[in-house]
Amino acid sequence: MTMTSKFSVLVLGGALLCGSLVATLAADKAVEPKKAAETKPTVETKKAETPPPQKVATAVVDAYLKSTFGRAPPEWQARIEPDESMKVCNATRNQPSHAEADKIMASELKRVEFPADGKFLGDWKEGAKIANNGRGGQFSDDDKTVNGGNCYACHQMEKAEVSFGTLGPSLTNYGRDRKYDAAEIKQAYTKIYNSQAVIACSNMPRFGTNKFLSEQQIKDVMAFLFDPESPVNK
Amino acid sequence: MRFAAIGSALVAVALCAMPLKSQAQDASEKEIERYRAMISDPMSNPGFLAVDRGEILWSEKRGTKNVSLEGCDLGLGAGKLEGAFAKLPRYFKDADKVMDLEQRLLWCMQTVQGLDTKDVVARRFSGPGKASDMEDLVAYIANKSSGMKIDVQLSHPKELEMAAVGEELFHRRGGVMDFACSTCHGSEGKRIRLQALPDLSKPGKEPQDTMASWPTYRVSQGALRTMQHRLWDCYRQQRWPVPDYGSDGITALTVYLNKMAQGGEIAVPSIKR
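Our subject in this report is the structure included herewith. (Residues numbered from 1 in each chain as written. Chains lettered and ligands numbered in written order. Predicted model: local features only at pLDDT ≥ 70, side-chain atom pairs only at ≥ 80, totals over all residues. Heavy atoms only, no water.)

### Side note on the overall build of chain A
Phase 1: Within chain A, the secondary structure is distributed over ten helices and zero strands.
Phase 2: Reading chain A from its N end, one meets helices and strands in the order α-α-α-α-α-α-α-α-α-α.
Phase 3: Each of the 234 residues in chain A was classed as buried or not, and the buried ones make up 48%.
Phase 4: Excluding contacts between residues fewer than 6 apart, the proportion of contacts in chain A whose partners are at least 24 apart in sequence is 59%.
Phase 5: Only carbon and sulfur atoms are counted for the fraction: they give 58% of the accessible area of chain A, which is about 12,200 Å². (Helix = DSSP H or I, 4+ residues; strand = E, 2+ residues; numbered from the N terminus. Buried < 20%, exposed > 50% of the residue type's maximum accessible area, 1.4 Å probe, protein only. Contact = heavy atoms within 4.5 Å. Areas by Shrake-Rupley, 256 points an atom, 1.4 Å probe, with all protein chains shown as cover.)

### Here we look at the overall build of chain B
Phase 1: Helix and strand counts for chain B come out as eleven helices and seven strands.
Phase 2: By residue count, 62% of the 273 residues in chain B fall in the buried class.
Phase 3: Pairs at least 24 residues apart make up 65% of the contacts formed inside chain B by residues separated by at least 6 positions.
Phase 4: On chain B, roughly 10,100 Å² of surface is accessible, and the fraction owed to carbon and sulfur atoms is 55%.

### Things to note about the state of the cysteines
Phase 1: Taken as a whole, this structure holds two disulfides over all chains when the rule is applied.
Phase 2: Here Cys72 of chain B connects covalently by a disulfide to Cys108 of chain B, the sulfurs 2.1 Å from one another. Torsion about the S-S bond of the Cys72 of chain B and Cys108 of chain B cystine: about 70°, corresponding to right-handed handedness. Of this pair, Cys72 of chain B sits in the loop between α3 (47–58) and β1 (90–92) while Cys108 of chain B sits in helix α4 (residues 101–113); the two residues are 36 residues apart in sequence, bridging distant segments of the chain.
Phase 3: Judged by relative accessible area, which is 1%, Cys72 of chain B ranks as buried.
Phase 4: We classify Cys108 of chain B as buried; its relative accessible area is 0%.
Phase 5: For the unlinked cysteine Cys151 of chain A, the closest cysteine sulfur is that of Cys154 of chain A, found at 8.7 Å. (Disulfide = S-S within 2.5 Å.)

### What about the packing of helix α4 (residues 84–91) of chain A against helix α5 (residues 98–109) of chain A?
Residues and elements named next belong to chain A.
Phase 1: Running from N to C, α4 and α5 point in directions that differ by 150°, and their axes come no closer than 10 Å. The angle between the axes of α4 and α5 places the two elements in the roughly antiparallel class. The handedness of the crossing between α4 and α5 is left-handed. In this structure, α4 uses Ser85, Val88 and Cys89 to contact α5, whose residues at the interface are Glu100, Ile104, Ser107 and Glu108.
Phase 2: Across the contact of α4 with α5, the residue classes tally to three nonpolar, two polar and two charged. (Axes fitted to C-alpha atoms, helices over the stretch in contact; angles between N-to-C directions. Parallel < 35°, antiparallel > 145°, perpendicular 65-115°, else oblique. Left-handed = near helix turned anticlockwise from the far one by under 90°. Nonpolar A, V, L, I, M, F, W, Y, C, P; charged D, E, K, R; others polar.)

### Details of the nonpolar core
Phase 1: The biggest cluster of nonpolar side chains holds 66 residues, and the ones touching the most others in it are Trp58, Leu74 and Leu105 of chain B.
Phase 2: Apart from residues no more than four positions distant in its own chain, Trp58 of chain B is found in contact with Ser68, Leu69, Glu70, Cys72, Leu74, Gly79, Leu81, Leu105, Leu137, Tyr140 and Ile141 of chain B.
Phase 3: Counting residues in hydrophobic clusters, the runner-up holds 33 residues, among them Met204, Ile218 and Ala223 of chain A together with Phe179 of chain B. (Core = buried A, V, L, I, M, F, W, Y, C linked by side-chain atoms within 4.5 Å.)

### A word on the packing of aromatic side chains
Phase 1: Using the criterion set out here, one finds twelve aromatic pairs over all chains in the structure.
Phase 2: Consider the rings of Phe114 of chain A and Tyr189 of chain A, whose centres lie 6.0 Å apart with planes at 35°: the pair is tilted. Placement of the pair is Phe114 of chain A in the loop between α5 and α6 (124–132) and Tyr189 of chain A in helix α9 (residues 182–193), with a sequence separation of 75 residues.
Phase 3: Its relative accessible area of 32% is what places Phe114 of chain A among the partly exposed residues.
Phase 4: Among the aromatic residues, those joined into a cluster by ring pairs are Phe114, Phe120, Tyr189 and Tyr193 of chain A.
Phase 5: Lying over the aromatic face of Phe125 of chain B, Arg124 of chain B brings its terminal NZ or CZ to 5.4 Å of the ring centre. (Phe/Tyr/Trp six-rings, centres within 6.5 Å; stacked < 30°, edge-to-face > 60°. Lys NZ or Arg CZ within 6 Å of the ring centre and 35° of its normal.)

### Description of α4 of chain B
Residues and elements named next belong to chain B.
Phase 1: Looking at α4, one finds that the buried residues are Leu101, Glu102, Gln103, Arg104, Leu105, Leu106, Cys108, Met109 and Gln113.
Phase 2: Near the N-terminus of α4, the side chain that reaches the backbone nitrogen of Glu102, with its oxygen 3.2 Å away, is that of Asp100.
Phase 3: Gly114 sits one or two residues past α4 and shows a positive phi near 70°. (Polar contact = N/O pair within 3.5 Å; in protein donor to acceptor, adjacent residues only side chain to side chain.)

### Considerations on the sheet that holds strand β5 (residues 216–218) of chain B
All names here are of chain B.
Phase 1: Read from one edge to the other, the open sheet built from three strands follows the order β6-β5-β7, with strand pairing classed as mixed. For this open sheet the edge positions go to β6 (223–225) and β7 (270–272), each flanked by a neighbour on one side alone. Between one strand axis and the next, the sheet turns through 35° on average, direction left out of account.
Phase 2: As paired elements, β5 and β7 share three bridges and run parallel to each other. Its bridge partner being in β7, Tyr217 is matched across the sheet by Ile271. (Pairing = 2+ DSSP bridges.)

### Examining α6 of chain A
Residues and elements named next belong to chain A.
Phase 1: Taken as a whole, α6 has its buried residues at Trp124, Gly127, Ala128, Ile130 and Ala131. Along α6, the residues classed as buried sweep out an arc of 165° about the axis, all on the same side. The exposed set on the far side of α6, more than 90 degrees from its buried face, consists of Lys125 and Lys129.
Phase 2: The opening residue of α6 is Asp123, an N-cap whose side-chain oxygen sits 2.9 Å from the backbone nitrogen of Lys125. (Arc of directions from axis to C-beta.)

### Here we look at unusual backbone geometry
Phase 1: Cis peptide bonds are those with omega within 30 degrees of zero, and the linkage from Trp214 of chain B to Pro215 of chain B qualifies with 5°.
Phase 2: Residue position: Pro215 of chain B is located in the loop between α9 (205–211) and β5.
Phase 3: Put simply, Val268 of chain B and Pro269 of chain B share a cis peptide bond, and its omega is -5°.
Phase 4: The phi torsion at Arg93 of chain A lies on the positive side, around 50°, for a residue other than glycine.
Phase 5: Look at Arg93 of chain A and you get buried, because its relative accessible area is 18%.

### Some thoughts on the side chain of Ser247 of chain B
Phase 1: Note that Ser247 of chain B resides in the loop between α10 (227–237) and α11 (248–260).
Phase 2: Ser247 of chain B sits in the buried class, given a relative accessible area of 5%.
Phase 3: For Ser247 of chain B, the contacting residues outside a window of four places in its chain are Ser67 and Thr68 of chain A together with Gln103 of chain B.

By themselves, these figures tell us nothing about what the structure is for.
In structure tokens:
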């Protein structure tokens, strides 16, 4: 019982020392800005190769999904219903054959809507905020949550931002390196709107096609990458 | 007494100072390792309070039958706790089902104790002013396997099915971001923002260290958390629907993860960010 008081000392001490920090961490939003460093050192170890996939009937997997998510609201269950491309990505563990990949890219390209006004670039300052915002789409969000692009979860962008993930390549100097070329701009818009129109089974979200970001938000993020004034290109 | 107090202060300092060190991660890793060793000391890990509470709950008479959980068989015989967690999830003949510890406890509450588990399930994850029987019981029971190795059970066909389905679920993409577990835990040395992501897609030290350290006391949440909570939280980050507590999908993933973690030496409750 005396232990309790000792631990409250710990909790209290923690709160005093870093109250706001602990509060930020509490939400465990992995993609919130300025995350704490991992407490666990990354140990380099040699590992076995990925084992070959275990075979199991699709109907069996579907039954498990039903019993696990079947009580979620119908619109939520619809979100995990794979479309044609996703079915192939799932079945091949993101390693489609050449023919399958071509088919995915062709059909996903048809799902890209280019801006009617022909303008690909919005406001880079807004884009910076969108790139930094990892919110939205989680069952803990409410209706008022503004979806973010979450780009920093996976990409390095402006050099001053040290809290960036490494699931995707670095995008520093993205526009400058591409000489702000019009074809590159269109290609990047396509990529962000629907990553799979460029690389089949890409791990990057399909922000436009999945209606996660609006056209304006994508334009703003595009400006963050391609405006010469953007810190990405400084 | 004094040691514990000093320890606590150090823990607080260590855990709070870490984000500042992010730019000098390498330099700080040794330090972190030192604090880690220190905080696995039962005297300064609040997770052990949950262990104590769980011990009381385990022997408390409850339900319409007014009996304790001591008549509950976790796989090694009624009331036998030493090493039981190391072999969970496993197939239980009486229920004709593969169950993880939490599913099994709910089953025992219902069938052995005759307890209506609605309230227990409602309090599955503790919060301010809301204690969780499940978290406390898991802490107590899992602690009885500390020092033992993860021994995944794959002899019954239903256990094999669980492992296979778990692997499928691990790679199954969906949701508004097309994420799967493997998007974040599918290759080595990746991180999201600054958080290192364990590669859980192949057998090895990373899944071993991961699975052998749950349940854990999460300092950021001020609570002991179980694997059910971790996977609930990862499905949230995956932008998937809420998974049901104690559902078969979560157990399937746990079997698969334990298969990757086979042989990892259990040290729980641990303490994490």
